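Each chain, letter by letter, is given below.
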Amino acid sequence: MKVSLPKHMTCDFLETRLMIMEVPGAALELGCGTGRLLLSYLAAGIEVDGVDCSKDMLEICRAKAKINGQDPVLYDQYMQQLNLPKKYMTIYIPAASFMLLTEREDAMEALKSIYAHLEYDGQTLIPLFIPKHLFNNKDDEWAPGLRGTRSDGSEIVVSSKSNINFLEQIQTKLERYEIVRDGVLIDTQYSTTKMRWFYKYEFLMMLEKVGFHDFSIYGGYSLQEVNEDQSFMIIRARK
């Protein structure tokens, strides 16, 4: 499952690579999916392994790698249950995928797993966001999303609506996929994604409890200082 982010939150390739290269050594991507970042980093000469809990995505990643003559090290595991044969200097999570851990116990276990798989003085990079742009939305309103064309010429129209539980800090997002051919709706499918958001000091306390220190907080992938109006942040912490 992928997290949908606004465009300004997904320009992460160059800046994440720079942060990895600042701490020399092997890197691990949690939630590597089909290899959007991982394969590009391998091509750039960075030593990086990948973890994902989707067998299908890992198979796509391997197929893409084979075309490029690459042989990535990939693990089919959950980030909260890591059991890998080596440690890393950098463990990073792309596209705020950490927020898919909606159970607090899973979130803490994931941080413990990250800490255990880091070398001494290694770093973790965790993007997070608060969906405050949805706080005033009405639950019953569908918002337009992406549109695309399939190989058979039919059009895919995506729309979504979200429910916000402020007390539990949970966003439940329902996405609707409508298949239209020659102006006629021929199929409709739905998917549901839940995400938990974390506030800055809450997440820092979680990291401290695990043992992390030396925190940096950025307001975006350009690594600017975070300000009170921003809902997106990147947490950088050392072991």
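*Asks:* Is there a simple way to think about helix H5 (residues 200-210) in this case?
*Replies:* Residue pairs spaced three or four apart in an α-helix point in one direction, given the helix's 3.6 residues per turn. For H5, every residue scored as buried is listed here: Glu202, Phe203, Leu204, Met206, Leu207 and Val210. Contacts from the buried residues of H5 go to helix H4 (104-116), strand E5 (118-129), strand E10 (213-218) and strand E11 (232-238). Following H5 by one or two positions, Gly211 adopts a phi angle in the positive range, close to 125°.

*Asks:* What is the right way to read the packing of aromatic side chains from this model?
*Replies:* Note on aromatic pairs: each is described by the distance of the centres and the angle between the planes. All told, the structure shown has six aromatic pairs when counted by the stated rule. Judged by centre distance (6.0 Å) and plane angle (70°), the rings of Tyr41 and Tyr92 are edge-to-face. Remark: Tyr92 occurs in strand E4 (residues 88-92) and Tyr41 occurs in helix H2 (residues 38-43); sequence separation between them is 51 residues. Here Tyr41 falls in the buried class, since its relative accessible area comes to 0%. Here a set of aromatic residues connected by ring pairs shows up, and it is made of Phe98, Phe198 and Phe203. Residue placement shows Arg176 over the ring face of Trp142; its charged tip is 4.1 Å from the ring centre. Over the face of the ring belonging to Tyr115 we find Lys239, whose NZ or CZ atom lies 4.8 Å from the ring centre.

*Asks:* Sorry if this is basic, but what is going on with the sheet that holds strand E9 (residues 184-196) here?
*Replies:* Within a sheet, neighbouring strands are paired by backbone hydrogen bonds and run either parallel or antiparallel to one another. A sheet is described by the order of its strands in space; here four strands give the open sequence E6-E7-E8-E9, paired in antiparallel fashion. Strands with a single pairing partner mark the edges of an open sheet, and in this sheet they are strand E6 (143-149) and E9. Within this sheet the neighbouring strands show an average axis-to-axis angle of 20°, counted without direction. Note that strand E8 (residues 170-181) and E9 share twelve bridges and pair antiparallel. Bridging from a neighbouring strand, Ile170 pairs with Arg196 of E9.

*Asks:* Would you mind showing me how to read the confidence of the model for the chain here?
*Replies:* Close inspection of predicted coordinates is inappropriate for parts of the model with low pLDDT. For the chain, the average pLDDT comes to 90, and 94% of its residues sit at 70 or higher. With pLDDT under 50 throughout, residues 1-10 is counted as low confidence; its partners more than four residues away or in other chains account for 23 contacts.

*Asks:* Looking at this structure, how should I read the nonpolar core?
*Replies:* Within soluble globular proteins, side chains that are nonpolar generally end up buried alongside one another. Of all hydrophobic cores here, the largest spans 59 residues; its most connected members are Leu30, Phe98, Leu111, Ile114, Leu128 and Phe203. In this view, Leu111 contacts Phe98, Ile126, Phe203, Met206, Leu207, Val210 and Phe212; residues no more than four positions away in its chain are not counted.

*Asks:* What's the story with the packing of H4 against H5 in this structure? I'm lost.
*Replies:* The description of two packed helices rests on the angle between their axes and on the distance between the axes. Orientation of H4 relative to H5, taken along the N-to-C sense of each, is 50°, at an axis distance of 9 Å. Taken together, H4 and H5 sit at an angle that is classed as oblique. In this structure, H4 meets H5 at a crossing whose hand is right-handed. Between H4 and H5, the contacting residues are Arg104, Ala107, Met108, Leu111, Lys112 and Tyr115 on the first element and Glu202, Phe203, Met206, Leu207, Lys209 and Val210 on the second. For the contact of H4 with H5, the residue count by class is eight nonpolar, no polar and four charged.

What counts and what doesn't
- Residues numbered from 1 in each chain as written.
- Predicted model: local features only at pLDDT ≥ 70, side-chain atom pairs only at ≥ 80, totals over all residues.
- Heavy atoms only, no water.
- Buried < 20%, exposed > 50% of the residue type's maximum accessible area, 1.4 Å probe, protein only.
- Helix = DSSP H or I, 4+ residues; strand = E, 2+ residues; numbered from the N terminus.
- Contact = heavy atoms within 4.5 Å.
- Phe/Tyr/Trp six-rings, centres within 6.5 Å; stacked < 30°, edge-to-face > 60°.
- Lys NZ or Arg CZ within 6 Å of the ring centre and 35° of its normal.
- Pairing = 2+ DSSP bridges.
- Axes fitted to C-alpha atoms, helices over the stretch in contact; angles between N-to-C directions.
- pLDDT = per-residue confidence, 0-100.
- Core = buried A, V, L, I, M, F, W, Y, C linked by side-chain atoms within 4.5 Å.
- Parallel < 35°, antiparallel > 145°, perpendicular 65-115°, else oblique.
- Left-handed = near helix turned anticlockwise from the far one by under 90°.
- Nonpolar A, V, L, I, M, F, W, Y, C, P; charged D, E, K, R; others polar.

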